[in-house]
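Examination of the molecular architecture
If you want the building blocks of each chain, they are given just below.
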Amino acid sequence: MENCIFCKIISGEIPSRKVFEDDLLLVIEDIVPQAPLHLLLLPKKHFINCVDMAAEDDALVGYIFRKAGEIAVEKGFADAGFRIAQNNGAGVGQSVFHIHFHLLAGREFAWPPG
Ligand code: AMP
Ligand code: ZN
């Protein structure tokens, strides 16, 4: 998708700090980390957010959640806990309109989220 910063990261046009990559998914470090561990899980397929999902994306999103758990375990945060966050719409803080999942860990987290 033209003018999408995450599509440009996925294509390599914009550099990133990669944690994991396969055919479906790129996982990078967030450029403005909000926790000691703050990763972004980016499906390589461009869609805006969950409102823009099609039925064919169901398995992809399930895969992303499973991979987030695997990475949290690998990084040693499974016992302390970790948070997966995903914003849908500018009104709740979505600033990049290519669906992505924040994986956050390594500090205390409030509930409800702000
Ligand atoms: P959201 O506000 O939920 O749309 O999340 C977008 C996230 O992308 C924010 O946490 C930003 O810090 C992060 N971000 C924006 N540009 C980059 C970039 N070039 N590399 C890594 N993370 C980025
Ligand atoms: Zn995109």
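Everything in this summary refers to the structure shown in the same document. (Residues numbered from 1 in each chain as written. Chains lettered and ligands numbered in written order. Predicted model: local features only at pLDDT ≥ 70, side-chain atom pairs only at ≥ 80, totals over all residues. Heavy atoms only, no water.)

1. Thoughts on the overall build of the chain
Going by this rule: Helix and strand definitions follow DSSP, with helices as H or I runs of at least four residues and strands as E runs of at least two, each counted in order from the N terminus. Radius of gyration here is computed from C-alpha atoms only, and the compact-globule reference equals 2.2 Å multiplied by the residue count raised to the power 0.38. Each residue's exposure class comes from its accessible area (1.4 Å probe, protein chains only) as a fraction of the maximum for that residue type: buried when under 20%, exposed when over 50%, partly exposed otherwise. The contact criterion used throughout is that any non-hydrogen atoms of two residues lie within 4.5 Å. Using a 1.4 Å probe, accessible areas were evaluated by the Shrake-Rupley method; residue-level cover was limited to the displayed protein chains. In this tally Asp and Glu are treated as negative and Lys and Arg as positive; neither His nor the chain ends contributes. Charge positions are represented by NZ for Lys, CZ for Arg, CG for Asp and CD for Glu.
If you tally the helices and strands in the chain, you get 2 helices and 5 strands. Counted from the first residue to the last, the chain has its helices and strands arranged as α-β-β-β-α-β-β. Relative to the globule expectation of 13 Å for 114 residues, the C-alpha radius of gyration of the chain, 14 Å, shows essentially globular dimensions. If one aligns the C-alpha atoms of the chain with their principal axes, the spans along those axes are about 40 × 30 × 30 Å. Taken over 114 residues, the chain has a buried fraction of 38%. Within the chain, contacts between residues separated by at least 24 positions form 53% of all contacts whose residues are at least 6 apart in sequence. Total accessible area computed for the chain in this model is approximately 6,800 Å², and 56% of it derives from carbon and sulfur atoms. If you average the places of the 10 positive and of the 15 negative side-chain charges in the chain, the two averages end up 4 Å apart.

2. Here's the deal with the site of ligand 1
Heads up, the condition is: Distances are taken per atom, and a residue is near a molecule or strand as soon as one of its heavy atoms is within 4 Å of it. Side-chain atoms alone can form a polar contact between residues adjacent in sequence; in general such a contact is a pair of N or O atoms within 3.5 Å, and within protein one must be able to donate a hydrogen while the other accepts it. Residue polarity is assigned by list, with Asp, Glu, Lys and Arg as charged and Ala, Val, Leu, Ile, Met, Phe, Trp, Tyr, Cys and Pro as nonpolar; anything else, Gly included, falls into the polar class.
Around ligand 1, the surrounding shell holds 16 residues, and the nearest of these are Asp 30, Asn 87, Gly 93, Ser 95 and His 102. Measuring from an oxygen atom of ligand 1, one finds a side-chain N or O atom of Asp 30 at 2.5 Å. Separating an oxygen atom of ligand 1 from a backbone N or O atom of Ser 95 is a distance of 2.7 Å. Its free accessible area being 510 Å², ligand 1 has 85% of it covered by the protein chains. Breaking the shell around ligand 1 down by element, the ones donating at least two residues are helix H1 (5–11) and strand E2 (25–29). Considering each element in turn, the shell around ligand 1 owes the most residues, 3 residues, to H1. Partitioned by chemical class, the residues of the shell around ligand 1 number 8 nonpolar, 6 polar and 2 charged.

3. Thoughts on the nonpolar core
Put simply, the test is: Put simply, a nonpolar core is a bunch of buried Ala, Val, Leu, Ile, Met, Phe, Trp, Tyr and Cys residues held in one set by side-chain atoms that sit within 4.5 Å of each other.
Core analysis: the largest hydrophobic core is formed by 18 residues, its most contacted members being Leu 41 and Leu 103. Not counting the four nearest positions on each side in its chain, Leu 103 is found in contact with Leu 37, His 38, Leu 39, Leu 41, Ala 68, Ile 71, Ala 72, Phe 82, Arg 83 and Ile 84. By size, the runner-up hydrophobic cluster in this structure holds 10 residues, among which are Cys 7, Ile 28, Leu 42 and Val 96.

4. Digging into unusual backbone geometry
In this structure, the amide linkage connecting Trp 111 to the following residue, Pro 112, adopts the cis form with an omega of 0°. For Pro 112, the location among the structural elements is in the segment after strand E5 (101–105). Positive phi, close to 65°, is recorded for Asn 3, a residue that is not glycine. Topologically, Asn 3 is positioned in the segment before H1.

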